[in-house]
Amino acid sequence: MKAVVIREHGGIERLEYGDVETPVPGPGEVLVRLRAAGVNHLDHDVREGVSGFPVTLPHVPGIEGSGEVAELGPGVSGTEVGARVSLNLLKSCGQCRNCLGGLDNICLNGEVLGVGMWGTFAEYVRVHERQLTAMPDALSFEAAAATHLCFSTAWHMTVTLGGVRADMDVLVNAAGSGVGSAALQIAVLHGANVIASAGSDAKLVKAKALGAADVINYSTQSLAEEAVRLTHGKGPDLVVECVGGEVLRDSITAVRSGGMLVTCGAHGGEQIELDVIELFRKHLRLQGSSLATRLEMAHVLSLVGDGKLKPVIHTTLPLEEVQQAATLIANRNFFGKMVLTV
Ligand SMILES: [Zn+2]
């Protein structure tokens, strides 16, 4: 099959488009003929060898994708050849205490698609049948690949953990990112007053078009001061954060007394100083988050299929042009998602 292969860790030039052996599905697994793949920052880290996960080379990256079931391995009963499916990047075990508790997004034995197993930048991918989410008929493969990961991750943060409501002021950071643009729409869908932040005015114009009531450019304005000013001195009730570094630090300052900050990313800085007195005096809740449950993924895809949440696609490129997509990701020069068609 044709695929993007990493034979050595390094820069974007290490993404080679060529031929590799087509995987064969084992017990409980299926082979999926991919039609579209989402490009994510984790792909960049995997290529550079800084993801923090062990990666065996040669490797096919790509953590997000959609397509059709092409072949069933022994014992597969939950799907059929030709089914339109979107892929869950986490292969959860279904048996650990977190899986049994309905928290399969933090499975203790999880394997990650495109990291510990070959991923979606290919014609075919082998996944466990538990990694399949059936796609609504109205949803295109490109839309599924652009929404699956970021919308479900944002849903888990904003709704399940953040408890977003119509009477809340919600600050959404990095509103141009996949998770940010998704969280913005989800908070608006719930009737919240949304303040969007980003590092460029062009991104903020697009954030307003998605329903943000107010915007903050954290490259030129004080995020903390503006967020407090725009909430009439109170501070946001909820912050949906995925940047880290100074943006996270300023968001902790901004969040209201008794408020909550949910975070899922740290490309802007992995270490910050935390004022413990501020933490307990303000009764702050700092909540980490990663991914989403299988149920949330199915729910979010149905909302996208119904048109209630809209995929924000920056560019669609053929798989062969993966290096161009990787360059856009590296330069943060995008709003929404990059999608590769296969
Ligand atoms: Zn598990």
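It should be emphasised that the depicted structure is a prediction, and the values quoted were computed from it without experimental measurement.

Here is what the cut-offs are and how they apply
- Each chain has its residues counted from 1, running along the sequence as written.
- A pLDDT threshold of at least 70 governs which residues receive local features in this predicted model, and a stricter bar of 80 or more applies before side-chain atom pairs are shown or counted, although totals over entire chains, interfaces and linings include all residues.
- Note: side-chain values were computed over all heavy atoms of the structure, leaving out hydrogens and water.
- A run of DSSP states H or I qualifies as a helix once it reaches four residues; a run of E qualifies as a strand once it reaches two. Both are numbered from the N-terminal end.
- Throughout, a contact is declared for two residues whenever any of their heavy atoms are within 4.5 Å.
- Under the rule applied, a polar contact is a pair of N or O atoms within 3.5 Å (in protein, one hydrogen donor and one hydrogen acceptor; residues adjacent in sequence only if both atoms are side-chain atoms).
- Think of it in three bands: residues with accessible area under 20% of the maximum for their type are buried, residues over 50% are exposed, and the middle band is partly exposed, with areas taken using a 1.4 Å probe on protein chains only.
- A pair of aromatic rings is counted whenever rings of Phe, Tyr or Trp (Trp by its six-membered ring) have centres within 6.5 Å, and the orientation is called stacked for planes under 30 degrees apart, edge-to-face for over 60 and tilted otherwise.
- A ring has a charge above it when a Lys NZ or an Arg CZ is no more than 6 Å from the ring centre and no more than 35 degrees off the ring normal.
- A donor here means any N, O or S atom no more than 2.8 Å from the metal (3.2 Å for Na, K and Ca); water is not included, so a site may seem to lack partners.
- In these descriptions, tetrahedral denotes four donors with every angle between 85 and 135 degrees, square planar four donors and octahedral six donors with opposite donors over 155 degrees apart and the rest between 65 and 115, and irregular any other case.
- The pairing criterion is simple: DSSP has to find at least two bridges between the two strands.
- The handedness of a crossover follows from its direction of travel: if, with the strands pointing away from the viewer, the path from the first strand over the helix to the second runs clockwise, the crossover is right-handed.
- Any carboxyl oxygen of Asp or Glu within 4 Å of a side-chain nitrogen of Lys or Arg constitutes a salt bridge here.
- Axis angles are defined between N-to-C directions and span 0 to 180 degrees, where every axis is a line fitted to C-alpha atoms and, for a helix, only to the segment in contact.

Draft legend 1. Region of the structure containing the environment of E29. Along the chain, the position of E29 falls in strand β3 (residues 29-39). Separated by 42 residues in sequence, E29 and E71 place their C-alpha atoms 8.9 Å apart. Those residues in contact with E29 that sit more than four places away from it in its chain are V24, L72, G73, V76, K91, R126, V127, H128 and E129. A polar atom in the side chain of E29 sits 2.7 Å from the backbone nitrogen of G26.

Draft legend 2. The arrangement of the side chain of S92 in detail. Counting through the fold element by element, S92 comes out in the loop between β6 (90-91) and α2 (97-100). Looking at S92, the relative accessible area reads 4%, which means it is buried. Sequence-distant contacts of S92, defined by excluding residues within four places in its chain, comprise C99, D104, C107, R130 and R294.

Draft legend 3. Inspection of the packing of aromatic side chains at higher detail. For the structure shown, the criterion picks out zero aromatic pairs. Seen from the ring of Y124, R33 lies directly overhead, with NZ or CZ sitting 5.8 Å from the centre. The ring of F141 has R84 lying over it, and the distance from NZ or CZ to the ring centre is 4.8 Å.

Draft legend 4. The arrangement of the coordination of the zinc ion in detail. The zinc ion binds to the protein through C93 (SG), C96 (SG), C99 (SG) and C107 (SG); the donor distances cover 2.3 to 2.4 Å. Taken together, the four donor atoms surrounding the zinc ion define angles of 102 to 119° at the centre, an arrangement classified as tetrahedral. Sequence spacing of the donor residues for the zinc ion, all on one chain, is C-x2-C-x2-C-x7-C. Of the two residues, C96 sits in the loop between β6 and α2 while C107 sits in the loop between α2 and β7 (111-112), which places them 11 residues apart along the sequence. Given a relative accessible area of 11%, C107 falls into the buried group.

Draft legend 5. Representation of the pairing of strand β16 (residues 313-318) within the structure. With five bridges connecting them, β16 and strand β17 (residues 337-341) associate as parallel partners. Note that in β17 the partner of T315 across the bridge is M338. Each parallel crossover has a hand, and for β16 linked through helix α10 (residues 322-330) to β17 it is right-handed.

Draft legend 6. The arrangement of the pattern of salt bridges in detail. Applying the stated rule across the entire model yields 15 salt bridges. One salt bridge connects E278 with R249, and the closest N-O pair in it is separated by 2.8 Å. Note that E278 is positioned in helix α8 (residues 276-281) and R249 in helix α7 (residues 245-254), a separation of 29 residues in sequence. Here E278 and R249 have matching classes, each one buried. Residues K282 and E278 are paired through a salt bridge, measuring 3.9 Å at the closest nitrogen-oxygen approach. The exposure class of E278 is buried, given its relative accessible area of 15%. Linked by salt bridges that have partners in common, D169, K234, D237 and R256 make up one network.

Draft legend 7. Region of the structure containing the environment of K206. With respect to the secondary-structure elements, K206 resides in helix α5 (residues 201-209). Given the relative accessible area of 43%, K206 is considered partly exposed. Taking C-alpha positions, K206 is 9.2 Å from S181, a pair spaced 25 residues apart along the chain.

Draft legend 8. Focus on the sheet that holds strand β12 (residues 214-217). Taken together, the six strands give an open sheet; going across it, the order is β12-β11-β10-β13-β14-β15, and neighbouring strands pair in parallel fashion. In this open sheet, the two edge strands, each paired with only one partner strand, are β12 and β15 (285-288). Averaged over all pairs of adjacent strands, the angle between their axes in this sheet comes to 15°, without regard to strand direction. With four bridges joining them, strand β14 (residues 260-263) and β15 adopt parallel strand pairing. For T263, the partnering residue across the bridge sits in β15 and is G288.

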